[in-house]
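Structure assessment
As a plain string of letters, each chain reads:
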Amino acid sequence: MKKTGFTLVEVLVAVILVGLAIACLLAANTSFTNTNAAGLDLSTAEFLSEQIKELTALLPVVDPNTGTDLFGPEEATLADYDDLDDFDEASFSPPINADRQPLSNFAAFTQQVTVENVNAADFEQVVGDHTSDFVKVTVKVSLNAREISSTSWLRASLDE
Ligand SMILES: [Ca+2]
Ligand SMILES: [Ca+2]
């Protein structure tokens with residue numbers, strides 16, 4: 001018997017194989033895109049945490065005028081905040097940069113700041129406001145109300 005072309009079954013098998021290959025490529029591409037997007041969001045979150053760190057780096061830990069009288073903002077507006085605990089429980093959406101300006105390009109992101117005194121012997125242990133020389137600042141960044149990163153660092157009031 002002489003074969004002159006492909007049988008219907010051979011053609012069908014070939015079509016199915018090509019279809020499977022395309023489906024696999026599409027799936028791989030989608031997961032790559034998702035991973036890429038998540039990486040980009042994390043980089044943005046890191047950038048936004050960094051803005052708060054830079055903004056507060058030069059501020060004293062306690063208010064220059066009233067000292068430890070009050071924990072929290074003595075001033076009415078962000079522009080006048082002049083110590084670290086002024087930023088406790090502050091939430092910025094759109095997020096702000098190190099110059100306290102809103103970053104409207106990142107409007108879907110939120111910076112949530114927490115300022116806590118921690119035990120000098122155990123930085124994991126939160127103590128009463130203004131009862132230690134060490135302060136932990138935490139910035140949580142969320143995208144569309146979903147938290148995507150949390151960054152903390154320490155400041156000491158000893159260095160002032
Ligand atoms: Ca203040
Ligand atoms: Ca304050």
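The structure we're discussing is the one just above.
Here we summarise the structure given alongside this text. (Residues numbered from 1 in each chain as written. Chains lettered and ligands numbered in written order. Predicted model: local features only at pLDDT ≥ 70, side-chain atom pairs only at ≥ 80, totals over all residues.)

1. Brief notes about the overall build of the protein
Note the threshold: The helix count covers DSSP runs of H or I at least four residues long, the strand count covers runs of E at least two residues long, and both are numbered beginning at the N terminus. A radius of gyration in this sense is built from C-alpha atoms; the matching globule rule multiplies 2.2 Å by the number of residues raised to 0.38. The exposure label follows from counting other C-beta atoms within 10 Å of a residue's C-beta, where the C-beta atoms are placed from the backbone and the thresholds are 20 or more for buried and 12 or fewer for exposed, leaving partly exposed in between. Here, residues touch in the contact sense if the C-beta positions derived from the backbone fall within 7 Å of one another.
Check the secondary structure of the protein and you find 1 helix and 5 strands. Reading the protein from its N end, one meets helices and strands in the order α-β-β-β-β-β. Over its C-alpha atoms the protein spans a radius of gyration of 27 Å, topping by over 25% the 15 Å that the globule rule assigns to 160 residues. The dimensions of the protein, computed from C-alpha atoms along their principal axes, are 100 × 35 × 20 Å. Considering the protein as a whole, with its 160 residues, one finds that 20% of them fall into the buried category. In the protein, the proportion of contacts linking residues at least 24 apart, taken out of those at least 6 apart, comes to 44%.

2. Section: the environment of D86
Along the chain, the position of D86 falls in the loop between α1 (8-57) and β1 (91-92). Residue D86 is classed as buried on the basis of its C-beta count, with 22 C-beta atoms lying within 10 Å. Not counting residues within four places of it along the chain, the set of residues in contact with D86 comprises G72, P73, E74, E75 and Y81.

3. Comments concerning unusual backbone geometry
Following S93, the chain continues to P94 via a peptide bond in cis, the omega torsion being 5°. Even without glycine at this site, E89 takes up a positive phi of about 65°. With respect to the helices, strands and loops of the structure, E89 is situated in the loop between α1 and β1. The class for E89 is exposed, based on 11 C-beta atoms found within 10 Å. Despite not being glycine, H130 shows a phi value in the positive range, around 60°.

4. Some thoughts on the pairing of strand β3 (residues 122-127)
The side chains of a regular strand alternate between both faces of the sheet. The test is simple: A pair of strands counts as paired when DSSP detects no fewer than two bridges linking them.
With 3 bridges joining them, strand β2 (residues 109-119) and β3 adopt antiparallel strand pairing. When the bridges of β3 are listed, N117 appears paired with V127.

5. What to know about the nonpolar core
Applicable threshold: Put simply, a nonpolar core is a cluster of buried Ala, Val, Leu, Ile, Met, Phe, Trp, Tyr and Cys residues tied together by C-beta atoms within 7 Å.
With 16 residues, the main nonpolar core has L84, V113, V115 and V137 as its most contacted residues. Among the secondary structure elements, those contributing two or more residues to this core are α1, β2 and β4 (134-143). For this core, the element with the most residues is β4, which contributes 4 residues. Those residues in contact with V115 that lie beyond four places of it in its chain are L84, D85, F87, D88, V135 and V137.

6. A word on the environment of L78
Along the chain, L78 turns up in the loop between α1 and β1. Classification of L78 by C-beta neighbours within 10 Å gives partly exposed; the count is 15. C-alpha of L78 to C-alpha of R100: the two residues are 22 residues apart in sequence and 7.5 Å apart in space.

7. A look at the environment of A76
In this structure, A76 sits in the loop between α1 and β1. A sequence separation of 19 residues divides A76 from P95, and the C-alpha atoms of the two residues are 19 Å apart.

8. Quick notes on α1
To keep things clear, this is the line we draw: Helix span, as expected, comes to 1.5 Å for every residue beyond the first.
Taking 1.5 Å per residue as the helical rise, α1 with its 50 residues ought to reach 74 Å, and the 73 Å between its terminal C-alpha atoms agrees with that figure. Of the positions making up α1, those classed as buried are T44, A45, L48, S49, Q51, I52 and T56.

9. Let's talk about the pairing of strand β5 (residues 146-156)
Note: β4 against β5, 10 bridges, orientation antiparallel. Across the sheet, residue V141 finds its bridge partner in β5, namely S149. Between β4 and β5, which pair antiparallel and follow one another directly, the connecting turn spans 2 residues, one of which, N144, has a positive phi of 50°.

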